[in-house]
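# Residue-level structure breakdown
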Amino acid sequence: MKIHLIIDEQYDETEIHIYAKEYSEAVEQLMHQLKVSKTPEVIDGYIGQEIHMLKIADVFTVFAESTKVYLQTDEQEFEAKKKLYEIEELFVKDFVRVSKSTLVNLKKISSIQLGLLGSTQVLLENDVSVPISRKYMKQLKQKLGIGRE
């Protein structure tokens, strides 16, 4: 891969051009990484009529229950106004899906516990265990950079 950087005062905004022989998974990943490079550092969480600006680093899990989505910190749970998939897309670098209804902050994982009969859980820094669906185990390992390719 070749990278060229041109500094010119005529540009008001940074432009990125990708030239490739064909569309590939590597090109798709590069485009995805460029899109998520502007990840916000906070998200709005609600308790009643109060709006709290939560640092993403303080959120352990995001989970859906019934029709609502919650942000769980070490101290309490806040309701989110966004859908689970929207939060997943917005914070793709920070969170990974471990089940149909749960996202986990990658930086809050302390261990993965392989149980009997294929039951696997992730243990977070706040000593909360979150079950991992087999469907999402490969994605979790990839994001953590563990296991075989």
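First, a word on what this report is: a plain description of the structure on this page. (Residues numbered from 1 in each chain as written. Predicted model: local features only at pLDDT ≥ 70, side-chain atom pairs only at ≥ 80, totals over all residues. Heavy atoms only, no water.)

### With respect to the pattern of salt bridges
Pairs may arise between side chains of opposite charge once their charged atoms sit close together. Evaluated as defined, the whole model comprises 3 salt bridges. With a shortest N-O distance of 3.9 Å, lysine 68 and glutamate 79 are connected by a salt bridge. Taken as a pair, lysine 68 in strand β4 (residues 68-73) and glutamate 79 in strand β5 (residues 77-80) lie far apart in primary sequence, 11 residues in all. The exposure class assigned to lysine 68 is partly exposed, which follows from its relative accessible area of 37%. (Salt bridge = Lys/Arg side-chain N within 4 Å of Asp/Glu carboxyl O. Helix = DSSP H or I, 4+ residues; strand = E, 2+ residues; numbered from the N terminus. Buried < 20%, exposed > 50% of the residue type's maximum accessible area, 1.4 Å probe, protein only.)

### Some words on the pairing of strand β2 (residues 50-55)
Of the pairings in the sheet, the one linking strand β1 (residues 42-47) to β2 comprises 6 bridges and is antiparallel in character. For valine 42, the partnering residue across the bridge sits in β2 and is lysine 55. A loop of 2 residues connects β1 with β2, the two strands running antiparallel in sequence, and glycine 48 in this loop sits at a positive phi of about 60°. (Pairing = 2+ DSSP bridges.)

### Side note on the sheet that holds strand β9 (residues 120-124)
Strand order in the open sheet made by the 3 strands is β8-β9-β10, with antiparallel pairing throughout. Two strands bound the open sheet, and with one partner strand each, they are β8 (109-114) and β10 (129-132). Averaged over all pairs of adjacent strands, the angle between their axes in this sheet comes to 25°, without regard to strand direction. Here 4 bridges tie β9 to β10, and the two strands are oriented antiparallel to one another. The residue bridging valine 122 from the neighbouring strand is valine 130, located in β10. Set on the sheet, helix α3 (residues 134-144) makes contact with β8, β9 and β10; between it and β8 the angle comes to about 140°. (Axes fitted to C-alpha atoms, helices over the stretch in contact; angles between N-to-C directions. Contact = heavy atoms within 4.5 Å.)

### Topic: the environment of proline 40
With respect to the helices, strands and loops of the structure, proline 40 is situated in the loop between α1 (25-35) and β1. Sequence separation of proline 40 and isoleucine 56 is 16 residues, and the distance between their C-alpha atoms is 8.3 Å.

### Some details on the nonpolar core
Core analysis: the largest hydrophobic core is formed by 14 residues, its most contacted members being Ile43, Val62, Leu71, Ile87 and Phe95. At the level of elements, β3 (59-65), β4, β5 and α2 (84-90) are the ones that each hand at least two residues to this core. Core analysis: the next-biggest nonpolar cluster, separate from the first, contains 12 residues, Phe60, Ile109, Val122 and Leu124 among them. (Core = buried A, V, L, I, M, F, W, Y, C linked by side-chain atoms within 4.5 Å.)

### Remarks on the side chain of lysine 108
For lysine 108, the position within the fold is in the loop between β7 (102-105) and β8. Put simply, lysine 108 is tucked away with no salt bridge, and the nearest opposite charge, on glutamate 125, sits 4.1 Å away. When sequence neighbours within four positions are dropped, the list of residues in contact with lysine 108 reads Ala57, Asp58, Val59, Phe60, Leu123, Leu124 and Glu125. (Lys, Arg positive; Asp, Glu negative; His and termini not counted.)

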